[in-house]
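Overview (structure and organization)
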Amino acid sequence: MNTLNRTAFLRSLIGLVLLLLSTANAAAQALTEEIDPAGALPGRLEFKGFNAIRPSHYISKDRVINARSLSAVRTRDNLRFQLRIAIATTEDKAKAYMQSFILTNNGYIPPFSYTGRRFGDETWHSTASDDLVMRPSFHLVTRMERAVVMAEFKDRKDMGADPEELEPLDEEDMWFVEDLVIGCLQRLAAMGIGSVAKATPTDGPPVSDVLREVITPIEQTPGFGDVRYKHGPMGNDEIRLVRKSDGLRLTVHLTICPTIQQAIDLVKSGAKRETMLPDTLTFKRLGQEAWHRIEYGEKAGNNYSLITRLGKAVLTIDVKGRAVAGRAHDPADLQTVDGIAVATLERLAAKGMGTQWDASLQRSHHKPPFEPDVIADH
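Now for a look at the structure at hand. Remember, predicted model here, so these are calculated numbers, not experimental data.

Quick notes on the rules
- Residues numbered from 1 in each chain as written.
- Predicted model: local features only at pLDDT ≥ 70, side-chain atom pairs only at ≥ 80, totals over all residues.
- Heavy atoms only, no water.
- Phe/Tyr/Trp six-rings, centres within 6.5 Å; stacked < 30°, edge-to-face > 60°.
- Helix = DSSP H or I, 4+ residues; strand = E, 2+ residues; numbered from the N terminus.
- Buried < 20%, exposed > 50% of the residue type's maximum accessible area, 1.4 Å probe, protein only.
- Lys NZ or Arg CZ within 6 Å of the ring centre and 35° of its normal.
- Pairing = 2+ DSSP bridges.
- Axes fitted to C-alpha atoms, helices over the stretch in contact; angles between N-to-C directions.
- Contact = heavy atoms within 4.5 Å.
- Salt bridge = Lys/Arg side-chain N within 4 Å of Asp/Glu carboxyl O.
- Expected span 1.5 Å × (residues − 1).

1. Topic: the packing of aromatic side chains
Inspection of the entire model under this criterion finds nine aromatic pairs. Ring centres of Phe 47 and Phe 81 lie 5.9 Å apart, and the angle between their planes is 55 degrees; on these two criteria the pair is classed as tilted. Placement of the pair is Phe 47 in the loop between helix H1 (3–34) and strand S1 (50–59) and Phe 81 in strand S3 (residues 80–88), with a sequence separation of 34 residues. Residue classification places Phe 47 among the buried positions, given a relative accessible area of 3%. Ring centres 5.7 Å apart and planes at 15 degrees place the aromatic pair Phe 50 and Phe 176 in the stacked group. Here the residue Phe 50 occupies a position in strand S1, and Phe 176 occupies one in helix H3 (residues 171–190), the gap between them amounting to 126 residues. Here the aromatic residues Phe 47, Phe 50, Phe 81, Phe 153 and Phe 176 are joined through ring pairs into a cluster of three or more. The ring centre of Tyr 58 lies 5.7 Å from the NZ or CZ of Arg 84, which sits over that ring.

Structure representation (structure tokens):
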């Protein structure tokens, strides 16, 4: 090939590459703009009791994501609400976009919806909290094919409100958010994304909210209040209660591991790290294994911990109280902790995890390091 022909060939090749690139860019632009997500947003009539309703529009720099949003403020409590519908060029791009909403510093937010209803291809939710101080906040993310719908309630921090004084969100608020998102999915299905079947909710148990299903310590702990929930991913939930008389804090943490072996390893590592003794606080056998720790001394405070396992479930109960001169651990508090653990494991067993016999207190073969009636002398 002579020089003239080689030059002509290179020019043709460069032209072909540029043509392909421009075609790809045009296709990407066409995909992000062929369906306007604004058509799937709810109307203003669905925002009764809200004001400051403002729309916004976002297109990513690479034109992969085309999103429309609505923000509003609820009149009665100044809670801020935001709804976003994003349409990606491909389903994989939508999955990648969704990661920014469901992955946090503490891992993924819980899967499925708060109410247990199933809709879309995948759904995630979170009732956010900061160090067990529940803020009135709720986050819901749903993907259906290449569309992602995100909705959230959050307190207006710019108002300077004390989070302890803000009213928590209730079941009606959760249903309101989910119903809005389901409406968006149904309109998307009518526009050609997803299907009517996927956009139609089906009932199911709130499988991700394991704590609400099996732990109800407030019923077993008279004198306690200030209940705070903290939800983690994949059945990793926590509840905190505070005793009104002396500020004693009771924290119950439940983890559902993927396998029994992982649950065993979690218990072993926790017992070793905290230098725990075998069996419960009252030296009875509970679950398939149990360990405890009690701190003594005036500076140690009224602190003790229990960890027990039933199948793939690991239950940890921590009690923390300030040191009071001349006051030792109350045996009734130790029995209360054992009682909460028993009730929780019994409800887990009723769901097919372990057996009722494993969930009950049994006489232990271990000898306690002290007699029960001497506890108050330490």
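2. Focus: the sheet that holds strand S9 (residues 138–144)
Strands sit in the order S1-S2-S3-S10-S9-S6 across an open sheet of six strands; the sheet is antiparallel. Since the sheet does not close on itself, it has two edges, and those belong to S1 and strand S6 (122–126), each with one partner. Taking the axes of each pair of neighbouring strands and ignoring which way they run, one obtains an average angle of 10 degrees across the sheet. Sheet analysis places strand S2 (residues 65–74) next to S3, joined by nine bridges and oriented antiparallel. Counterpart to Arg 68 in the pairing with S3 is Ile 85. Across the sheet, helix H2 (residues 91–102) touches S2, S3, S6, S9 and strand S10 (147–154), and the angle it forms with S9 is around 170 degrees.

3. Re the pattern of salt bridges
Evaluation of the coordinates by the stated rule reveals 15 salt bridges. Note that Asp 121 and Lys 198 form a salt bridge whose closest N and O atoms lie 2.9 Å from each other. Placement of the pair is Asp 121 in the loop between strand S5 (107–108) and S6 and Lys 198 in helix H4 (residues 196–199), with a sequence separation of 77 residues. A salt bridge links Glu 289 to Arg 309; the nearest nitrogen and oxygen atoms lie 2.7 Å apart. Taken as a pair, Glu 289 in strand S16 (residues 289–294) and Arg 309 in strand S17 (residues 304–310) lie far apart in primary sequence, 20 residues in all. Residue classification places Glu 289 among the buried positions, given a relative accessible area of 17%. Each of Glu 91, Asp 121, Glu 122, Arg 143 and Lys 198 takes part in salt bridges that share partners, so that together they form one network.

4. Let's talk about helix H7 (residues 331–350)
Look at H7: 29 Å from first C-alpha to last across 20 residues, which is about the 28 Å you get at 1.5 Å a residue. Burial in H7 covers these residues: Asp 333, Leu 334, Val 337, Asp 338, Ile 340, Ala 341, Val 342, Ala 343, Thr 344, Leu 345, Leu 348 and Ala 349. Looking one or two residues past H7, Gly 352 carries a phi angle of roughly 95 degrees, positive in sign.

5. Concerning the environment of Glu 346
Structurally, the position occupied by Glu 346 is in helix H7. In sequence terms Glu 346 and Gln 356 are ten residues apart; their C-alpha atoms lie 5.9 Å from each other.

6. Digging into the environment of Ile 260
On the secondary structure map, Ile 260 appears in helix H6 (residues 260–273). By relative accessible area, which is 45% here, Ile 260 ends up partly exposed. As for Ile 260 and Leu 310, which are separated by 50 residues in sequence, their C-alpha atoms are 8.8 Å apart. When residues no more than four places from it in sequence are discounted, the contact partners of Ile 260 are Arg 309, Gly 311 and Lys 312.

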